[in-house]
Amino acid sequence: MPFVTPDVFVKERVAAVQEYSLLTGRAVANLFSGPHYWDDVFTQMDSIGVGSMPIVILTGFFTGCVLALQSASSLEEFGAISMTGNLVALSMVKELGPVLTGLMISGRNASGMASELGSMKVTEQIDAMRALGTDPSRKLVTPRLIATVFMLFFLTIVSDAVGIAGGALVSVTILGLNASSYFHSSYRSLTYAGITQGLVKPLFSGFIIATVGCYYGMTTKGGTQGVGRATTQAVVVSSVFIIVVDFLVSRAMIGIFGSQ
Amino acid sequence: MASIALDKPQTDPAMEGPGIPVVALKGVSITFEIKPVLEDISFTVMPGETRVILGPAGCGKSVLMKLANGLLRPDTGSITVFGHDVTKMRETDLYKLRARIGMVFQESALFDSLSVEDNVAYRLHEDRVPDDEAHARVVESLKFVELEQAIAKFPSELSGGMRRRVSIARAIISKPDLILYDSPTGGLDPITSTTIVELVVKQRDVSHTTSLLITHRLQDAFTLATHRFDPKTGHMEPIPDNGIDPSTKFLVLHEGKVVFDGTTEELVHSEDPWLKEYLS
């Protein structure tokens, strides 16, 4: 990467933020006017949602397992091993489920979007689309935005559920806890505020994954090397954004509901 | 192609007609980063004219083509297409204008995920043309480029020449009033190039569509100027008595500037030293 002067660097960053904002604004505005490409929305839902199920289930399940395993030893010191279900459920629903699912989907789909749209960009398919009278933001970005936000919401619920199930498996088979007690403890720990917090986060994460992935894809330059660079940047930037926004949403939710 | 007629925007008689240029560039300049790519480009393309744009690689030919279609905006100057200044139009208005423009891209730019039929019918599907009618038009358009047997294939299954022909079929399916060919013979072997040039000549002589064509192959450019399409034989043939097609004109670019703008005869008789060397 060539060195640039500070003023050029700042100008490039400001221009990138401006371009990202314009693309995102257009993608959102497209929701409120036709034409809508529902076929593309369902195709993306299948690709992003159904296609990501295996990694989300595996990640969520084993996160629940390891959470139960690690927390049990600490809880045992305080004679509170029966609270394992409480800790696993609370952690999965409020934090680990949304964040880990967001990161996994980011790794799988932000990269996919950036590489697919980037390849289209460098082979002039995006220009061809415009030349054929189609708005690429409407045809390519908005369907991915709708599909990611919608499907990430449900993937997070799946991740939460299998995480709690994984914790149950470890608690019952390895830690020797009672299954009924585990699930009762898990159920009691879940509050309206906690569930709301856990379900609001994937909406933001989905928005970040789709818009960042599409932005890097649509602004790809420099042939196949550029596609590789765009793909890497999309994953890195969307992952960092997800973590940062997770903190901000958590803080906002605590502000709204209190630290329940 | 006579039955192909897509809904197109209404034309304004005051802005279009005989004697009024279809494309007019005036003082157009564009710079990428700090490098000027085109400087003070001015020329016009009249109705029915085929304008061949020649020049060495990297002189800004493809950029010029994208500017004419509103895909890029110049830093200075005006570009008028069908009487509309595309430099001042909103993108949404440009989409309507582009319904009258067909474009063949340098590397074909076919959509990888769509079959040949869906690629060619792309614009028809966007305009919600019924499936039966769209299919009939696709078959007709593919017949024009003699590729109807490839209708169910995907772009990855086609050779470079076949992809170029599908790209031409996609460009002409809506019977456009202006066709932009961006290096349609680039990277092809001489025989395939001749096939593509024959299609361009056929489109020119059958439909009399105004067109801009970029090439860096002088042989292709002069074939266009010296040949005509014979509907009886279905093939291209030399114009008798060393004739030259009057509707084919040339624009030569060098280092982002226009170095020649005129007819075939003026080009071959030019005394410009760089041009003489380039043509030799």
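That block above? That's the structure.
Residues numbered from 1 in each chain as written. Chains lettered and ligands numbered in written order. Predicted model: local features only at pLDDT ≥ 70, side-chain atom pairs only at ≥ 80, totals over all residues.

Colleague: Help me out: how do you make sense of the overall build of chain A in this one?
Modeller: Helix and strand counts for chain A come out as 8 helices and 0 strands. Counting from the amino terminus, helix and strand elements in chain A follow one another as α-α-α-α-α-α-α-α. Summarising its shape, the C-alpha atoms of chain A cover approximately 65 × 45 × 35 Å along the three principal directions. Taking the intrachain contacts of chain A between residues at least 6 apart in sequence as the baseline, contacts between residues at least 24 apart amount to 88%. (Helix = DSSP H or I, 4+ residues; strand = E, 2+ residues; numbered from the N terminus. Contact = placed C-beta atoms within 7 Å.)

Colleague: How should the environment of Leu 87 of chain A be read in this particular structure?
Modeller: All names here are of chain A. Counting through the fold element by element, Leu 87 comes out in helix α3 (residues 84-122). With 21 C-beta atoms counted inside 10 Å, the residue Leu 87 sits in the buried group. Counting along the chain gives 77 residues from Leu 87 to Ile 164, while the straight-line C-alpha distance between them is 9.8 Å. If we ignore the near neighbours within four places in the chain, the residues touching Leu 87 are Ser 71 and Leu 75. (Buried ≥ 20, exposed ≤ 12 C-beta atoms within 10 Å, placed from the backbone.)

Colleague: Just to check I follow, could you spell out the pairing of strand β9 (residues 227-230) of chain B for this structure?
Modeller: Consecutive residues of a regular strand have side chains that alternate between opposite faces of the sheet. Residues and elements named next belong to chain B. Here β9 runs beside strand β10 (residues 235-238); their pairing, made up of 4 bridges, is antiparallel. Of the residues in β10, the one forming a bridge with Phe 229 is Met 236. Turn length for the β9-β10 hairpin, with the two strands adjacent in sequence and antiparallel, is 4 residues, and the turn residue Gly 234 shows positive phi of about 75 degrees. (Pairing = 2+ DSSP bridges.)

Colleague: What am I meant to see in the sheet that holds strand β1 (residues 23-32) of chain B here?
Modeller: Think of a sheet as strands paired side by side through backbone hydrogen bonds, with each pair either parallel or antiparallel. Residues and elements named next belong to chain B. Read from one edge to the other, the open sheet built from 4 strands follows the order β2-β1-β4-β5, with strand pairing classed as antiparallel. Edge positions in the open sheet fall to β2 (35-45) and β5 (84-85), since each of these has one partner strand only. Judged from the 5 bridges that link them, β1 and strand β4 (residues 76-81) form a sheet pairing that is antiparallel. What sits directly across from Ala 24, in β4, is Thr 80.

Colleague: It is not clear to me how unusual backbone geometry should be interpreted in this structure. Could you clarify?
Modeller: Only a minority of non-glycine residues have a phi that is not negative, and only a minority of peptide bonds are not trans. With an omega dihedral of -5 degrees, the bond running from Gly 34 of chain A to Pro 35 of chain A counts as a cis peptide bond. Assignment of secondary structure puts Pro 35 of chain A in the loop between α1 (6-29) and α2 (38-77). The phi angle at Ser 183 of chain B is positive, at roughly 45 degrees, despite the residue not being glycine. Tracing the chain through its elements places Ser 183 of chain B in the loop between β7 (178-181) and α7 (190-207). On the neighbour-count criterion, Ser 183 of chain B (23 C-beta atoms within 10 Å) is buried. In this model, Glu 255 of chain B sits at a positive phi of 50 degrees, which is unusual for a non-glycine residue. Mapping Glu 255 of chain B onto the fold places it in the loop between β11 (248-254) and β12 (257-263). Given 15 C-beta atoms within 10 Å, Glu 255 of chain B falls into the partly exposed group.

Colleague: I would appreciate a short explanation of the packing of α3 of chain A against helix α6 (residues 179-189) of chain A in the present structure.
Modeller: The description of two packed helices rests on the angle between their axes and on the distance between the axes. All names here are of chain A. Two elements in contact, α3 and α6, have axes whose closest approach is 7 Å; the angle formed by their N-to-C orientations is 45 degrees. Compared by their axis directions, α3 and α6 come out oblique. Two packed elements cross with a definite hand, and for α3 against α6 that hand is right-handed. Contacts between α3 and α6 involve Thr 84, Gly 85, Asn 86, Val 88, Ala 89 and Leu 90 on the former and, on the latter, Tyr 182, Phe 183, Ser 185, Ser 186, Arg 188 and Ser 189. (Axes fitted to C-alpha atoms, helices over the stretch in contact; angles between N-to-C directions. Parallel < 35°, antiparallel > 145°, perpendicular 65-115°, else oblique. Left-handed = near helix turned anticlockwise from the far one by under 90°.)

Colleague: When you look at the sheet that holds strand β6 (residues 101-104) of chain B in this model, what are you seeing that I'm missing?
Modeller: Residue and element names in this part refer to chain B. Reading across the sheet, the 6 strands line up as β6-β7-β8-β3-β11-β12 and stay open at both edges, with mixed pairing between neighbours. Sheet topology places β6 and β12 at the edges, where each strand pairs with a single neighbour. Shown here is a sheet whose adjacent strand axes are inclined to one another by a mean of 15 degrees, direction ignored. Lying on the sheet, helix α1 (residues 61-68) is in contact with β3 (50-54), β7, β8 (210-214) and β11; it crosses β8 at an angle near 155 degrees.

Colleague: What should I look at first to understand α1 of chain A in this one?
Modeller: Each α-helix turn comprises 3.6 residues. Residues three or four places apart therefore point the same way. If you check α1 of chain A, its first and last C-alpha atoms are 34 Å apart, about what 24 residues at 1.5 Å a residue would give, namely 34 Å. Here α1 of chain A lies mainly on the outside; 2 of its 24 residues are buried. (Expected span 1.5 Å × (residues − 1).)

Colleague: So what exactly am I meant to see when it comes to the interface of chain A and chain B here?
Modeller: Listed per partner, the contact involves 11 residues of chain A and 14 residues of chain B. Classifying every residue of the side of chain A that touches chain B gives 3 nonpolar, 4 polar and 4 charged. (Nonpolar A, V, L, I, M, F, W, Y, C, P; charged D, E, K, R; others polar.)

Colleague: Help me out: how do you make sense of the nonpolar core in this one?
Modeller: The nonpolar side chains of a soluble globular protein tend to be buried, and buried together. In this structure, Ile 53, Ala 68, Ala 169, Leu 180 and Leu 212 of chain B are the most contacted members of the largest nonpolar core, which totals 124 residues. Of the residues forming this core, the biggest block, 14 residues, is contributed by α3 of chain A. Those residues in contact with Leu 212 of chain B, other than ones at most four positions away along the chain, are Val 23, Val 45, Arg 51, Ile 53, Met 65, Ala 68, Leu 180 and Tyr 181 of chain B. (Core = buried A, V, L, I, M, F, W, Y, C linked by C-beta atoms within 7 Å.)

Colleague: I keep staring at the pairing of β1 of chain B and nothing clicks. Help me out?
Modeller: Residues and elements named next belong to chain B. Taken together, the 7 bridges between β1 and β2 define a ladder with antiparallel strand orientation. Note that in β2 the partner of Val 23 across the bridge is Val 45. Once β1 ends, the chain turns through 2 residues before running back antiparallel as β2, passing Glu 33 with a positive phi of about 55 degrees.

Colleague: Quick question: what am I supposed to make of the environment of Met 53 of chain A here?
Modeller: Inspection of the secondary structure assignment puts Met 53 of chain A in helix α2. Taking the C-alpha atoms as reference points, Met 53 of chain A and Ile 105 of chain A, separated by 52 residues in sequence, lie 9.8 Å from one another.

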